[in-house]
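Topology and contacts: notes
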Amino acid sequence: MSEGRIEVEGISVSPDHYIGGRRVSSSERFDVFSPIDQRPLAQVSEGLDEHVEQAVQSALAAFPAWAAMGAVQRKVYLDRFADEIGKRADEFCRLESVDAGVLLSRMRHGVVPRAVLNIKWFAQHALSLQDHPIDTEQAHHIVRHDPAGVAVIITPWNSPLMLSTWKLGPALAAGNTCILKPPEWAPLTSSLLADAADAAGLPPGVFNIVQGTGARTGAKLVSDPRISRISFTGSVPTAKWIAKAAAENLVPCSLELGGKSPFIVLEDADLGSAAATGALMYRNAGQVCLAGTRFLVHEKVAEEFTALMRDFVAKLVIGDPRVEGTEVGPIIHPRQIDRVAGFVQRAVDGGARLLWGGRKAEFGAQYFQPTMLTDLRQTDEIVQNEVFGPVLTLQTFASDEEAVALANGTDYGLGGVCYGETGHATALAQQVRTGFIWINSFGIRDLQAPFGGIKRSGIGREGGNWSFEFFCDVKDVVVPKKAFTPSFSHR
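The structure reproduced in this document is the subject of the present report. (Residues numbered from 1 in each chain as written. Predicted model: local features only at pLDDT ≥ 70, side-chain atom pairs only at ≥ 80, totals over all residues. Heavy atoms only, no water.)

Considering the overall build of the protein
- Counting secondary structure elements, the protein contains 15 helices and 24 strands.
- The globule rule puts the C-alpha radius of gyration for 491 residues at 23 Å, and the 24 Å found for the protein is close to it.
- Oriented by its inertia axes, the alpha-carbon framework of the protein measures out at about 70 × 65 × 40 Å.
- The buried share of the protein, taken over its 491 residues, is 57%.
- Across the protein, the fraction of contacts at a sequence separation of at least 24, relative to all contacts at a separation of at least 6, is 71%.
- When the accessible surface of the protein is totalled, it reaches about 19900 Å², and 53% of it is carbon and sulfur. (Helix = DSSP H or I, 4+ residues; strand = E, 2+ residues; numbered from the N terminus. Rg over C-alpha atoms; globule rule 2.2 N^0.38 Å. Buried < 20%, exposed > 50% of the residue type's maximum accessible area, 1.4 Å probe, protein only. Contact = heavy atoms within 4.5 Å. Areas by Shrake-Rupley, 256 points an atom, 1.4 Å probe, with all protein chains shown as cover.)

Observations regarding empty space enclosed by the protein
- One pass over the structure, following the stated rule, counts three cavities of 30 Å³ or more.
- If you add up the space inside the largest cavity, you get close to 70 Å³.
- Contributing to the lining of the largest cavity are Gly 259, Lys 260, Gly 286, Val 288, Cys 289, Ala 291, Thr 293, Glu 386, Val 387, Phe 388, Gly 389 and Val 391.
- Class assignment for the residues of the lining of the largest cavity results in six nonpolar, four polar and two charged.
- Roughly 50 Å³ of volume is contained in the second largest cavity.
- Of the residues belonging to the lining of the second largest cavity, the class tally is four nonpolar, three polar and three charged. (1 Å grid on protein atoms, 1.4 Å probe; cavity = no way out; pocket = protein on both sides within 12 Å on 5 of 7 lines; lining within 4 Å. Points joined across faces, edges and corners; volume = space filled by probe spheres on them. Nonpolar A, V, L, I, M, F, W, Y, C, P; charged D, E, K, R; others polar.)

Some details on the packing of helix α1 (residues 49-69) against helix α7 (residues 214-222)
- At a closest axis distance of 10 Å, the pairing of α1 and α7 adopts a crossing angle of 35 degrees. Handedness of the crossing formed by α1 with α7: right-handed. Packed against α1, whose contacting residues are Asp 49, Val 52 and Val 56, the element α7 presents Thr 217, Lys 220 and Leu 221 at the interface.
- Of the residues contributing to the contact of α1 with α7, the split by class is three nonpolar, one polar and two charged. (Axes fitted to C-alpha atoms, helices over the stretch in contact; angles between N-to-C directions. Left-handed = near helix turned anticlockwise from the far one by under 90°.)

What to know about the environment of Asp 446
- With respect to the helices and strands, the residue Asp 446 is situated in the loop between β21 (438-439) and β22 (454-455).
- Of the residues examined, Asp 446 reaches a relative accessible area of 42% and is grouped as partly exposed.
- C-alpha of Asp 446 to C-alpha of Gly 463: the two residues are 17 residues apart in sequence and 8.1 Å apart in space.
- One polar contact links the side chain of Asp 446 to the main-chain amide nitrogen of Gln 448, over a distance of 3.0 Å. (Polar contact = N/O pair within 3.5 Å; in protein donor to acceptor, adjacent residues only side chain to side chain.)

Considering the pairing of strand β7 (residues 132-135)
- Both β7 and strand β8 (residues 139-147) contribute to a ladder of four bridges, which runs antiparallel. Considered in β8, the bridge of Ile 134 is made with His 141.
- Linkage of β7 to β8, two consecutive antiparallel strands, is achieved through a turn of three residues. (Pairing = 2+ DSSP bridges.)

Structural notes on the pairing of strand β15 (residues 292-298)
- Counting buried residues along β15, seven of its seven residues qualify, which places the element largely inside the surrounding structure.
- Pairing geometry for strand β14 (residues 261-265) and β15, over five bridges, is parallel. Within the sheet, the bridge partner assigned to Ser 261 lies in β15 and is Gly 292.
- Since β14 and β15 lie parallel, the crossover through helix α9 (residues 271-279) that links them has a hand, and here it is right-handed.
- Where β15 and strand β18 (residues 391-397) come together, five bridges link them in parallel fashion. (Right-handed = clockwise from strand over helix to strand, strands pointing away.)

With respect to the packing of helix α5 (residues 160-173) against helix α15 (residues 464-471)
- Contact geometry for α5 and α15: axes closest at 9 Å, N-to-C directions at 60 degrees. At the point where α5 passes α15, the crossing takes the right-handed sense. Residues Lys 167, Pro 170, Ala 171 and Ala 173 of α5 form the contact with α15, whose participating residues are Ser 467, Phe 468 and Phe 471.
- When its residues are assigned to classes, the contact of α5 with α15 shows five nonpolar, one polar and one charged.

As for unusual backbone geometry
- Phi angles above zero are rare outside glycine, and Gln 38 is one such case at about 65 degrees.
- Here Gln 38 is to be found in the loop between β5 (29-33) and β6 (40-45).

Quick notes on the nonpolar core
- In terms of nonpolar packing, the biggest core is built from 120 residues, with Phe 81, Phe 295, Phe 305 and Met 309 touching the most fellow members.
- Not counting residues up to four positions away in its chain, the partners in contact with Phe 81 are Ile 119, Leu 172, Leu 193, Ala 196, Ala 197, Ala 200, Leu 202 and Phe 207.
- If you look at the next biggest cluster of nonpolar residues, it comprises 26 residues, including Ile 19, Val 24, Ile 154 and Val 251. (Core = buried A, V, L, I, M, F, W, Y, C linked by side-chain atoms within 4.5 Å.)

Regarding the packing of aromatic side chains
- One pass over the structure, following the stated rule, counts 15 aromatic pairs.
- Between Trp 157 and Trp 185, the ring centres sit 5.9 Å apart and the planes meet at 35 degrees, which makes this aromatic pair tilted. Of this pair, Trp 157 sits in the loop between β9 (150-154) and α5 while Trp 185 sits in the loop between β10 (177-181) and α6 (188-199), placing them 28 residues apart in sequence.
- Under the relative-accessibility criterion, Trp 157 is labelled buried at 16%.
- Centroid distance Trp 157 to Phe 388: 5.4 Å. Interplanar angle 75 degrees. Geometry classified as edge-to-face. Remark: Phe 388 occurs in the loop between α12 (381-384) and β18 and Trp 157 occurs in the loop between β9 and α5; sequence separation between them is 231 residues. Each member of the pair, Trp 157 as well as Phe 388, carries the same accessibility label: buried.
- One Lys or Arg, Arg 114, reaches over the ring of Trp 166 and ends 5.0 Å from the middle of that ring.
- It is Arg 346 that lies over the ring of Phe 343; its NZ or CZ is 5.2 Å from the centre. (Phe/Tyr/Trp six-rings, centres within 6.5 Å; stacked < 30°, edge-to-face > 60°. Lys NZ or Arg CZ within 6 Å of the ring centre and 35° of its normal.)

Concerning the sheet that holds β7
- With antiparallel pairing, the three strands of this open sheet are ordered in space as β7-β8-β24. Where the open sheet ends on each side, the last strands, each with one partner, are β7 and β24 (472-480). Strand-to-strand twist in this sheet, taken as the mean axis angle between neighbours without regard to direction, amounts to 25 degrees.

Shown next as structure tokens:
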């Protein structure tokens, strides 16, 4: 183990920042604990003002050469970066499982392959954005996607590796240099990302990591007037603060925020399939923004659907996320599980009825039972606000119009699920105000498709061209077809 590094789960990892191609230590540290058993994993360097300044200066210094390199040569570096992530797949899987409580099986079969793809796909897609021509009667237009500058990327704790690469892929492929602020509750796989970038030979300063809290390190980063883009995934209150700070410098923000998505079960739905999919909403202990957490079920099939889903939920295995077969792991932090328990208790005190679950699981201090509540009013706190835990609600409806009204009856609008006869479900889904909605399915994603929400669920879209529209300055170079005669009448 090299100097300054520590071992977590037998994996060598640096607890320090990565700035300008080297590790930078801090005089101040913060503790990182495993949600599995609350044991301490590391003391990680805290990002102070001096570290933010170093990172910004390094990213600014590296930007001209990285931007001028062009998409073809950047792809060479980024492909190597992705390959290095793949080589370290086992380390990423085991480290994020113990650091963030993510199921090891999900890391192996979903997250790490997706992280590799995030880098490779956007590097390839950037090649198609070069000098797009538009030919009109008056002129040739050359539409360019120019790098914007230094991008600050702030990611949450529920899926640090996937969400970091989801943003880094297009930001770096577009020619920006980046500063990543990892989640303070689960920062360790981001440190492994720096190792992969270093091994891939990314030029110093192209990719930087400054660890720390949002209130201190994050606030300093997003307030810096030299930053050109801010991409954030996380909570609504933090997003509001970031947007205010960015507005002072007119810095564009991409904000992917919370969800309170409807899971609609129509009278003509395949109830067994709907119930089986419904049980998936408890994966990652419900710490998934795009999960359908508000079940809206036609009153004629509600009893049958509830019984079917109860059977699926009863078979879910709660336990250590590193153990094969575990389906529901821990809540990330003691503060978060207290928050989840508080939501449930207040709902019950207010008249809600528990269909199942409702308390901490016996497995450990940070485990909560898969929970379903019913007998709710649309105005109830637990219907209106994101819990971000394994807690779902169930309401019934008598007509499509009522289903749509309930689905649209919150301030969120990230995603949704609708089960029913395909034509019926598709027609209803088009009336639901969300950024996306799955018909008779869940979780189908493609990197070329847009992802994001409306209302309090965010601003902007990620994926495909939408990512590049954000991370680039789009410029129109206009070449007239005939000699131009200046005139005040031209606009």
